[in-house]
Amino acid sequence: MEENRVIDITTGSFEVHKVVSPPHRSTLLKLKNRLKETFFPDDPLRQFKGQTMKQKLILGAQYFFPILEWCPNYGFNMFKSDIVSGLTIASLAIPQGISYAKLANLPPIVGLYSSFVPPLVYAVLGSSRDLAVGPVSIASLVLGSMLREVVSPTKDPMLFLQLAFSSTFFAGLFQASLGFLRLGFIIDFLSKATLIGFMAGAAIIVSLQQLKGLLGITNFTKQMAIIPVLSSVFHTINEWSWQTILMGFCFLVFLLLTRHIGMKKPKLFWVSAGAPLLSVIISTLIVFAIKGQNHGISIIGKLHQGLNPPSWNMLHFSGSYLGLVIKTGIVTGILSLTEGIAVGRTFAALKNYQVDGNKEMIAIGLMNMVGSTTSCYVTTGSFSRSAVNHNAGSKTAMSNIVMAVTVMVTLLFLMPLFQYTPNVVLGAIIVTAVIGLIDIPAAFQIWKIDKFDFLVLLCAFFGVIFVSVQDGLAIAIGISILKVLMQITRPKTVMLGNIPGTGIYRNVDHYKEAMSVAGFLILSIEAPINFANVTYLKERISRWIQDYEEEGAKKQSGLRVVVLDLSPVSAIDTSGISLFKDLSMALEKKGLEFVLVNPIGEVMEKLQRADETKNLMRPDCLFLTVDEAVASLSSTVKYQIPEHV
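Residues numbered from 1 in each chain as written. Predicted model: local features only at pLDDT ≥ 70, side-chain atom pairs only at ≥ 80, totals over all residues. Heavy atoms only, no water.

Q: Just give me the short version of the overall build of the protein, but keep the residues and values in it.
A: Along the protein, the regular secondary structure elements total 25 helices and 10 strands. Within the span of the protein, comprising 645 residues, buried residues form 52% of the whole. Here the contacts in the protein between residues at least 6 apart in sequence split such that 80% fall between residues at least 24 apart. Computing the positive centroid from 53 side-chain charges and the negative centroid from 42, the protein places the two 11 Å apart. (Helix = DSSP H or I, 4+ residues; strand = E, 2+ residues; numbered from the N terminus. Buried < 20%, exposed > 50% of the residue type's maximum accessible area, 1.4 Å probe, protein only. Contact = heavy atoms within 4.5 Å. Lys, Arg positive; Asp, Glu negative; His and termini not counted. Charge placed at Lys NZ, Arg CZ, Asp CG, Glu CD.)

Q: Can you break down the layout of surface pockets residue by residue, with the values?
A: Empty space within the largest pocket amounts to approximately 1300 Å³. Counting residues per element, the lining of the largest pocket draws most heavily on helix α16 (residues 383-391), which supplies six residues. A per-class count over the lining of the largest pocket returns 27 nonpolar, 12 polar and five charged. Roughly 920 Å³ of internal volume is contained in the second largest pocket. Residue assignment for the lining of the second largest pocket shows that the elements contributing at least two residues are α4 (76-103), α7 (137-148), α10 (211-215) and α18 (423-435). No other element matches the five residues that α18 contributes to the lining of the second largest pocket. When its residues are assigned to classes, the lining of the second largest pocket shows 14 nonpolar, 17 polar and four charged. (1 Å grid on protein atoms, 1.4 Å probe; cavity = no way out; pocket = protein on both sides within 12 Å on 5 of 7 lines; lining within 4 Å. Points joined across faces, edges and corners; volume = space filled by probe spheres on them. Nonpolar A, V, L, I, M, F, W, Y, C, P; charged D, E, K, R; others polar.)

Q: Would you mind going over the environment of Ser480 in detail, with residue names and values included?
A: Mapped onto the fold, Ser480 is located in helix α21 (residues 469-489). Ser480 gets classed as buried once you look at its relative accessible area, which sits at 11%. C-alpha of Ser480 to C-alpha of Leu190: the two residues are 290 residues apart in sequence and 8.2 Å apart in space. Look past the residues within four positions of Ser480 in its chain and what remains in contact with it is Ser191, Thr194 and Val456.

Q: Outline the environment of Ser241, supporting the account with residue identities and numerical values.
A: Inspection of the secondary structure assignment puts Ser241 in the loop between α11 (226-234) and α12 (242-264). The exposure class of Ser241 is buried, given its relative accessible area of 8%. Sequence separation of Ser241 and Leu215 is 26 residues, and the distance between their C-alpha atoms is 6.0 Å. Residues in contact with Ser241, not counting those within four places in the same chain, are Leu215, His295 and Gly296.

Q: Lay out the packing of helix α8 (residues 157-180) against helix α14 (residues 322-351) in plain terms, naming residues and giving numbers.
A: Their axes nearest at 7 Å, the elements α8 and α14 cross at an angle of 55°. Taken together, α8 and α14 sit at an angle that is classed as oblique. As α8 runs across α14, the sense of the crossing is right-handed. Residues Leu163, Ser166, Ser167, Phe170, Ala171, Phe174, Gln175 and Leu178 of α8 form the contact with α14, whose own contacting residues are Leu322, Leu324, Val325, Ile326, Thr328, Gly329, Ile330, Thr332, Gly333, Ile334, Ser336 and Leu337. Classifying every residue of the contact of α8 with α14 by side-chain character gives 12 nonpolar, eight polar and no charged. (Axes fitted to C-alpha atoms, helices over the stretch in contact; angles between N-to-C directions. Parallel < 35°, antiparallel > 145°, perpendicular 65-115°, else oblique. Left-handed = near helix turned anticlockwise from the far one by under 90°.)

Q: Residue-level account of the packing of aromatic side chains, with values.
A: A full pass over the atoms with the stated rule returns 11 aromatic pairs. Summarising the aromatic geometry, the rings of Tyr74 and Phe79 are spaced 6.3 Å apart at their centres and angled 70° between planes, so their arrangement reads as edge-to-face. When the ring of Phe462 is compared with that of Phe466, the centres are 6.0 Å apart and the planes differ by 20°; the resulting orientation is stacked. Of this pair, Phe462 and Phe466 are both found in helix α20 (residues 451-466), four residues apart, which corresponds to roughly one turn of the helix. By relative accessible area, Phe462 is classed as partly exposed at 40%. In this structure, Arg129 is placed above the aromatic ring of Tyr353, and the distance from its NZ or CZ to the ring centre is 4.1 Å. The ring of Trp447 is capped by Lys451, whose NZ or CZ atom sits 4.6 Å from the centre of that ring. (Phe/Tyr/Trp six-rings, centres within 6.5 Å; stacked < 30°, edge-to-face > 60°. Lys NZ or Arg CZ within 6 Å of the ring centre and 35° of its normal.)

Q: Please set out the environment of Thr625 residue by residue, giving values where relevant.
A: Looking at where Thr625 falls in the secondary structure, it is placed in the loop between β10 (622-623) and α25 (626-633). Take Thr625: its relative accessible area is 32%, and that puts it in the partly exposed class. As a C-alpha pair, Thr625 and Ala202 span 423 residues in sequence and 52 Å in three-dimensional space. Among the polar contacts made by the side chain of Thr625, one reaches the main-chain amide nitrogen of Glu628 at a distance of 3.1 Å. (Polar contact = N/O pair within 3.5 Å; in protein donor to acceptor, adjacent residues only side chain to side chain.)

Q: I'd love a proper account of the side chain of His316, names of residues and values included.
A: Within the element layout of this structure, His316 appears in the loop between α13 (269-290) and α14. Separated by 2.9 Å, the side chains of His316 and Gln162 make a polar contact. Excluding residues that lie within four positions of it along the chain, His316 makes contacts with Leu159, Gln162, Leu163, Ser166, Phe170, Leu322 and Val325.

Q: Outline the nonpolar core, listing residues and values.
A: Counting residues in each nonpolar core, the largest one holds 115 residues, and the members touching the most others are Leu106 and Phe198. Looking at this core, the element that brings in the most residues is α8, giving 10 residues. Contact partners of Phe198, with chain neighbours within four places excluded, come to Ile138, Val142, Leu335, Ala460, Val464, Val469 and Leu473. Core analysis: the second largest hydrophobic core is formed by 36 residues, Met495, Val534, Leu564 and Ile577 among them. (Core = buried A, V, L, I, M, F, W, Y, C linked by side-chain atoms within 4.5 Å.)

Q: So what about the sheet that holds β10? Which residues, and what values?
A: Here we have six strands laid out as an open sheet, ordered β5-β4-β7-β8-β9-β10, and mixed in their pairing. A single partner strand is all that each edge strand has here, and the edge strands are β5 (505-507) and β10. With five bridges connecting them, strand β7 (residues 520-525) and strand β8 (residues 561-565) associate as parallel partners. For Ile522, the partnering residue across the bridge sits in β8 and is Val563. Packed onto the sheet, helix α23 (residues 574-589) meets β8 and β9 (593-597) and runs at close to 145° relative to β9. (Pairing = 2+ DSSP bridges.)

Q: How would you sum up a nonpolar patch on the surface? Please name residues and give values.
A: Together, Leu307, Val405, Val409, Leu412, Phe413, Leu414 and Leu417 make up a nonpolar patch on the protein surface, roughly 590 Å² of accessible area in all. Position of Leu412 relative to the elements: it lies in helix α17 (residues 398-414). (Patch = residues over 30% accessible without salt bridge, like charges linked within 9 Å, V, L, I, M, F, W, Y side chains within 5 Å. Areas by Shrake-Rupley, 256 points an atom, 1.4 Å probe, with all protein chains shown as cover. Salt bridge = Lys/Arg side-chain N within 4 Å of Asp/Glu carboxyl O.)

Below is the structure:
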């Protein structure tokens, strides 16, 4: 194995640049800047600078109500596009709303209620032009499964409904609070790997749960894990209905075929968008014609007609179920918020406009809070409906209003038409919708890039399908946080060498041509230094020194100077300061020089305040670049140049 080569640095004429202290700033100013960067990185007040009071009021109103921004310039041509988009997504939202409500163990009518009021609220407050709002599969699944662990939706349906509305209120409260307090970075703990694994696992669980409707099973397990579900399927073979299986298979193939066509040819988006509603219409006519309910085909039954009844009096703000609804609200709130913002930003990037994350959190939160008082459960931006909305040529959030009006007409006049809709078709619609959540190419890409991220993905996936939906998510988040903690507590430390013929110093393990400088141990810490990693850094640097001394003893070339490049160190705390003091004293006892290179302003300021003896920050111990440090000190270092290995 080839060892690191050692070179001699010949001193010549060079200029040593002085490392200057950062400008003095008061503690109040530093705190102000830190808070601004933490909570206001987008500087939302910059648009008000230099404006008249009248203009500031207009800009303020437009900031809080984005509808005022696009509405004054709204024209008939835009309205024509939005009508087409709104009617198209309504054709998808109606069957999906009914299906997802059943997935959440709620009355089907609640799914339609949730496609009426929330889109109207979002149209006023939301900043995305493409986001189509309504119930989504993941939030529906999590809401239903978490509440069903405590309350049975069949034995106590009214209490279950009350808890669903209460969970929706707390989900909205949590979401809006994140937006108002500008704490959106909390949802960043749901990494891409976590979401991909979670959604794939949830898609499989959702699909398996639909076997109840697709096979015509009456007695089905309430558990969500894969083993109980499959066990329930094969222990109830006597309940299977061939009529239901035949109808379910036919419509499932039809829906998958239309979905494939829509994916391969985006211009034919209307084929996949209209397929669910067409399936509902055809299957309903078939069941009505053959009286399928008398032949083992389960139907929805009679649905209530009319607009959303108020539900504010059904919310639980106290009692034994308060903890359950708060926990359910936070989990579903995070999931729905993550999906909504991700979808909004995706389509905003395609059309080259900006989506304000904090505005979106406030809009989604408020629409869920309002929805919880009008018989709606958790809603957010749906990827499938937003994709249809985008492909249909939506121009503004008016498409959500058109969709809501269409759903309103359905609630007022068309509800009796859904009485004979078979549950098996709703199951087929759900399966078709959630299949798109399984992103195998993205999982393969994560495997190629980062094996640890792939481990997180697998933990989320297997946790969901073998344990439970919420436990799988918790396991994945826990491992993701563990990864972050490992990066903090075990920062990367590398040895630098000189690129021959230049003043550039790079990682000797990365650049084969980089050569160590005899008598110098040059190290770089590539992370902030704090209490969590000082012990590791002290041990790691001590090991570097020991290895160098042992290698130098063999080659009769001793260590004389330890150079620490602080360019990548963005922050330091009091424990980190103590690390440098301890290193300085330990190296001084060994007769070694200890120099620092290019500490940034905050790090240098803290080092100066802590250096009471003026030994750590002496001019001859502080340099602007590694090259200047080596050139300046090489004349004082006595060494022997060994032969190249």
